[in-house]
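For reference, the chains in residue letters:
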Amino acid sequence: MAQPVLAACGLQGVDALPPLTLLKQHSGVDGSFLIASILGHRLKSSRDNHVLLVATQHTYHHYSSACMKLSFNLGPGRDSGQLQVLDVAAELYRSYPLSCSPSLDDVTNRIRAFLEAHPKATILMDDLTYFLNFGYSEAELIDFVEQLVTPSASFVVKVNTAELYGTLCANLDDLARTEIRLERLASGQFREVDGRLSVSRFQAGESAEQALMEVKKVEKSVLYKVNERNIKVFVPGEVGIKNV
């Protein structure tokens, strides 16, 4: 079950997600479990929630299997059109050798077409930094996100926070109202815990002057463990995990 981690992130029971939610995974951490959790929950919570999954690091079949283990069946949503999938890596494989790199312009156009049909939809992007492997610059990826973020839709973007991508992450930090950071434990590997999850949000001021000086603050920090059929969260210092 994914409810504990969704509740920890403040994503359970909400009608709409923020215009931009940034999932930042540190090197050595795979945040796809959070994409799968959000994906399944959005589809299951209401048939009016339309979702576009832009898969890069993992394929649709990976997410279908992951969601099934969390009690989310993606099949009915995809059959009805509630879920649409842009499997970037799979399409690139099928087009080889005619095309040796994915087209960011094509991805942009297809997301825009989806939003025209479903203005209040949720867009889930598996890993934006995937495109850096094909010669796209950080500036191009920043522009890509800026032109797609709208007040009505919800854009969830996962990025790798390696030091190489400092400019990209810093700019997306400024755009995102909500930031979810997934980190490895500073003390090393631990059998009962996979890593630390921290949620930060902008705290808007009451006046216009205060709003100009708003800062993103850590709202919650928990430890998490991804099991075969559920995701558990722990408060740091709980019995059995005092040293992490």
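Let me sum up the structure you'll find in this document. (Residues numbered from 1 in each chain as written. Predicted model: local features only at pLDDT ≥ 70, side-chain atom pairs only at ≥ 80, totals over all residues. Heavy atoms only, no water.)

### A short note on the overall build of the chain
Cut-off, in case you're wondering: Only DSSP runs of H or I covering at least 4 residues are called helices, and only runs of E covering at least 2 are called strands; the numbering of each starts at the N terminus. Buried residues are those whose accessible area, probed at 1.4 Å on protein chains only, stays under 20% of the maximum for their type, while exposed residues exceed 50% and partly exposed ones sit between those limits. Note on contacts: a residue pair qualifies if any of its non-hydrogen atoms lie within 4.5 Å across the two residues. Per-residue accessibility takes into account occlusion by the displayed protein chains alone, with areas from the Shrake-Rupley method and a 1.4 Å probe.
Within the chain, the regular secondary structure consists of nine helices and nine strands. A buried classification covers 46% of the 244 residues belonging to the chain. In the chain, once contacts between residues fewer than 6 apart in sequence are set aside, the share between residues at least 24 apart is 73%. As displayed, the chain offers around 12,300 Å² of accessible surface, 50% of which is attributable to carbon and sulfur atoms.

### Things to note about unusual backbone geometry
Residue Ser71 is not a glycine yet carries a positive backbone phi of 75 degrees. Mapping Ser71 onto the fold places it in the loop between helix H3 (60-69) and helix H4 (75-80).

### Concerning empty space enclosed by the protein
For clarity, the cut-off: For cavity detection a 1 Å grid was placed over the protein atoms alone, and a set of points counts as a cavity when a 1.4 Å probe fits there but cannot get out; an open set counts as a pocket when protein lies on both sides within 12 Å along at least five of seven lines, with lining residues being those that have an atom within 4 Å of a point. Grid points are joined across faces, edges and corners, and a volume is the space filled by probe spheres set on the points. As a working rule, the residues Ala, Val, Leu, Ile, Met, Phe, Trp, Tyr, Cys and Pro are called nonpolar, Asp, Glu, Lys and Arg charged, and the rest polar, with Gly in that last group.
For the structure shown, the criterion picks out one cavity of 30 Å³ or more. Looking at the largest cavity, the residues that line it are Pro19, Ile111, Leu115, Ile123, Leu148, Val149, Thr150, Ala153, Ser154 and Phe155. When its residues are assigned to classes, the lining of the largest cavity shows eight nonpolar, two polar and no charged.

### Observations regarding the packing of helix H6 (residues 104-117) against helix H7 (residues 138-148)
Packed helix pairs are specified by the crossing angle of their axes together with the interaxial distance, meaning the distance between the axes. Counted only if it meets this: Here an axis means a line fitted to C-alpha atoms, over the contact stretch when the element is a helix, while the angle between two N-to-C directions is reported on a 0 to 180 degree scale. Comment on the angle field: the value is read as roughly parallel under 35 degrees, roughly antiparallel over 145, roughly perpendicular from 65 to 115, and oblique elsewhere.
Packing of H6 against H7 leaves a shortest axis separation of 11 Å and a crossing angle of 10 degrees. Here H7 runs roughly parallel to H6, going by the angle between their axes. Of H7, the residues touching H6 (which contributes Leu104, Val107, Thr108, Ile111, Arg112 and Leu115) are Glu140, Leu141, Phe144, Gln147 and Leu148. A per-class count over the contact of H6 with H7 returns seven nonpolar, two polar and two charged.

### Remarks on the nonpolar core
Note the cut-off: As used here, the term nonpolar core means buried Ala, Val, Leu, Ile, Met, Phe, Trp, Tyr and Cys residues forming a set that is joined through side-chain atoms within 4.5 Å.
Leu34, Leu39, Leu83 and Leu197 are the most contacted members of the largest nonpolar core, which totals 36 residues. Secondary-structure elements contributing two or more residues to this core are helix H1 (3-9), helix H2 (32-45), strand E2 (51-55), H3, strand E3 (83-87), strand E6 (178-183), strand E7 (195-202) and strand E8 (216-226). Looking at this core element by element, the count peaks at seven residues for H2. Excluding residues that lie within four positions of it along the chain, Leu39 makes contacts with Val51, Leu53, Tyr63, Cys67, Leu74, Leu83 and Leu124. Listed in part, the 34 residues of the second largest apolar core include Leu20, Leu132, Leu168 and Ala176.

### A closer look at the pairing of strand E1 (residues 20-25)
Two faces, one strand: in a regular strand the side chains alternate between the faces of the sheet. We count it as follows: Pairing between strands is defined by DSSP: at least two bridges between the two strands are required.
Counting buried residues along E1, six of its six residues qualify, which places the element largely inside the surrounding structure. Of the two faces of E1, the one lined by Leu20, Leu22 and Lys24 and the one lined by Thr21, Leu23 and Gln25 are each fully buried. Bridge analysis of E1 against E6 gives five bridges, and the strand direction is parallel. Residue Leu22 lies in a different strand from E6, and its bridge partner there is Glu179.

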